[in-house]
Amino acid sequence: MFASRLRASSSQLTRSVISKRLQSTIKPVAVVKKSSFFKKTLYSALLAGSLATGLGLYSLYKEQHPVALPSAETNKTKKKIVILGSGWAAITLLKSIDTELYSITLVSPRDHFLFTPLLPSAPVGTVALESITESVSTLTRQGNGRVDFIQQEATDVNPETKTVTLKNGVELSYDYLVFSVGAQPNTFGIPGVYENANFLKEASDSISLKNKLKENLQKAAELPAQSAERKKLLSFIVVGGGPTGVETAAELQDYITEEVGKWNPELAADCKVTLVEGLGNILGMFDKKMYTYAQDHLVKNGIDLKLRYMAQKVVDNVITVKNADDQSILDLDFGILVWATGNGTRPITANLMSKLPETQTNRRGLQINKKLELLGAEGSIYALGDCTFHPGFLPTAQVAHQEGEYLAEVFKVKSEIDNAKEPATIERLQSHIQDFKYDHKGALCYIGEESAINDIRYASTKWNFMGKGLSFKVWQSAYLAMAITARTKFLIACDWIKVNLVGRQ
């Protein structure tokens, strides 16, 4: 027994000695706390957020504090650029061009730029109309040079004398004319559309639609539930399966579901949104998988989708449509009809076409070359945006934006050419003016219930996002990035937050 205890004691002593020797030779290893990774991530996110906020505030401050307005005398010796319009092409050009190089005059009957991609959101209050409009007077002060703004409608352009006549009789001369007056709604000659439909191209259209929506809801609330007259007042028909039509229908359905349904469910039960499209599918600029998803989503949300139905006429509050397959005729009662399809030429555009009959032979829009010069007036008139017709250039904000950026670079080179004296230098500079190449970056469309489809393209890479969550955030982020001023970005973001917190009006 004593021997057993002696062996145990000896063994314990040996282990103790070995342990002490190991502790003296092995350095302690620091324990990495799991929280250190999350702390670094949090600090990085906070730093990035702070930098983004600081940059945004600086941009906002800079926009609201323009440089001193140069004297009109400084422009007398410069070549004159007259810009007609205040849409995407015109304003992008204005923001991109070096305003110190030319004497620039912008002419437009409206005093604001309208962020059209979010126009369908304005009538129902998802965003405020004031949030998607920017004063032209503010935009003309963004550069260092002097830009004059005349709020008038241009009625005539004379390519021979290089003059523009305004509605008030004033005549402006130009060295270069940028013709970007946009388009007006096209009813395709269908009787009754102009008299009975609402359009959605201008800020005033949004106000009219919003007032009409409120009026119909109030009138319907005073009528018996399920009555024919009440259902007619609450029938909202949108004609056109492009992005504007789809987003308008989606916003109306959201408003009915989320606002009317919350405060007056019986009234919401009598509401109906119908989307009419003459082709076999909506959103033809997307691939089949995406537009099929959008169609299924709209129907699931309660929108009555009528494909291959062509409008025939509108009489009072009834639109007559014909099915392209069986030729059947259908009369649809409506309280509000939104016409969201087709672009037509404005009178001044048609007038300019008539002065260049040999080169302007397409009634769909002004024909231009690959340098955006008007055929028949090359070198002095550039035509941009929805008023033009050129294969591959769709009438979208994306195309107009890129055209404006391109032309700003062209004018920069032209200024260098005007100041050059050596023929070799002039020839070299002229070679720098390359053809305009449109870079399609994809398409976006909101389809309701915080869902969107996004076709994003960069170089040869393509990403498709569909549905809620990430896809909706991609749509929001893309539109915020497109907004032309920090003020607009800030107000739109605030409107979206407001809707989530307190709803629409």
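Structure: above.
Residues numbered from 1 in each chain as written. Predicted model: local features only at pLDDT ≥ 70, side-chain atom pairs only at ≥ 80, totals over all residues. Heavy atoms only, no water.

K.L.:
Got a minute to help me understand the pattern of salt bridges in this structure?
P.N.:
Proximity of charged atoms lets side chains of opposite charge pair with each other. Per the stated rule, a full pass over the model turns up 20 salt bridges. A salt bridge links Arg-230 to Asp-270; the nearest nitrogen and oxygen atoms lie 2.7 Å apart. Linking Arg-230 in helix 7 (residues 228–233) with Asp-270 in the loop between helix 9 (265–269) and strand 13 (272–277), this pair joins segments that are 40 residues apart in sequence. Given a relative accessible area of 5%, Asp-270 falls into the buried group. The salt bridge partner of Arg-308 is Asp-325, with a shortest N-O separation of 2.8 Å. One end of the pair, Arg-308, is in the loop between strand 14 (304–307) and strand 15 (309–315); the other, Asp-325, is in the loop between strand 16 (318–323) and strand 17 (329–333), and 17 residues separate them in sequence. The class for Arg-308 is partly exposed, based on a relative accessible area of 31%. Residue class for Asp-325 comes out exposed when judged on its relative accessible area of 55%. Here the residues in one salt-bridge network are Glu-258, Glu-259, Lys-262 and Arg-504, joined through shared partners. (Salt bridge = Lys/Arg side-chain N within 4 Å of Asp/Glu carboxyl O. Helix = DSSP H or I, 4+ residues; strand = E, 2+ residues; numbered from the N terminus. Buried < 20%, exposed > 50% of the residue type's maximum accessible area, 1.4 Å probe, protein only.)

K.L.:
Would you explain empty space enclosed by the protein in this entry?
P.N.:
Rolled over the atoms, a probe as big as a water molecule pinpoints where empty space is left. For the coordinates displayed, the defined rule picks out 1 cavity of 30 Å³ or more. Reported here for the largest cavity is a volume of approximately 70 Å³. In terms of lining residues, the largest cavity is bounded by Pro-123, Val-124, Gly-125, Lys-210, Leu-213, Lys-214, Leu-217, Tyr-255 and Gln-505. Counting residues per element, the lining of the largest cavity draws most heavily on helix 6 (residues 203–221), at 4 residues. (1 Å grid on protein atoms, 1.4 Å probe; cavity = no way out; pocket = protein on both sides within 12 Å on 5 of 7 lines; lining within 4 Å. Points joined across faces, edges and corners; volume = space filled by probe spheres on them.)

K.L.:
Explain the nonpolar core here, please?
P.N.:
Nonpolar side chains in soluble globular proteins generally cluster together in the buried interior. Grouped together as the largest cluster of nonpolar side chains are 116 residues, with contacts concentrated most on Leu-84, Ile-132, Val-157, Phe-179 and Phe-411. Shared between two domains, this core holds at least three residues of each, these being domain 1 (65–183 + 345–438) and domain 2 (198–344 + 443–502). Discounting chain neighbours no more than four positions away, the residues touching Phe-179 are Leu-84, Val-157, Ile-348, Thr-349, Leu-352, Leu-366, Ile-381, Tyr-382, Ala-383, Leu-384 and Cys-387. (Core = buried A, V, L, I, M, F, W, Y, C linked by side-chain atoms within 4.5 Å. Domains from an automatic or database assignment. Contact = heavy atoms within 4.5 Å.)

K.L.:
What should I look at first to understand the packing of aromatic side chains in this one?
P.N.:
Two descriptors summarise a pair of aromatic rings, namely the distance from one centre to the other and the angle between the planes of the rings. Summed over all chains, the structure comprises 15 aromatic pairs. A centroid spacing of 5.6 Å and a plane angle of 55° characterise the contact between Trp-88 and Phe-115, whose relative ring orientation is tilted. With Trp-88 in helix 3 (residues 88–96) and Phe-115 in the loop between strand 3 (112–114) and strand 4 (133–135), this pair connects stretches of sequence that are 27 residues apart. In this structure Trp-88 comes out as buried when scored by relative accessible area, which is 9%. For Phe-115, a relative accessible area of 1% puts it in the buried group. Considering the side-chain rings of Trp-475 and Trp-496, the 6.0 Å spacing of their centres and the 40° angle between planes classify their relative orientation as tilted. Placement of the pair is Trp-475 in helix 14 (residues 470–482) and Trp-496 in helix 15 (residues 486–502), with a sequence separation of 21 residues. By the burial criterion, Trp-475 is buried, and Trp-496 matches it. By the ring-pair criterion, three or more aromatic residues cluster together here, those being Trp-88, Phe-113, Phe-115, Tyr-446, Phe-472, Trp-475, Tyr-479 and Trp-496. Lying over the aromatic face of Tyr-309, Lys-306 brings its terminal NZ or CZ to 5.7 Å of the ring centre. (Phe/Tyr/Trp six-rings, centres within 6.5 Å; stacked < 30°, edge-to-face > 60°. Lys NZ or Arg CZ within 6 Å of the ring centre and 35° of its normal.)

K.L.:
I would appreciate a short explanation of the pairing of strand 6 (residues 154–158) in the present structure.
P.N.:
Walk down a regular strand and you will see the side chains alternate between the two sheet faces. Bridge count for strand 6 against strand 7 (residues 163–166) is 4 bridges, and the pairing is antiparallel. Bridge pairing links Asp-156 to Thr-165 in strand 7. In this antiparallel pair of consecutive strands, strand 6 and strand 7, the connection spans 4 residues, and Lys-162 shows a positive phi of 55°. (Pairing = 2+ DSSP bridges.)

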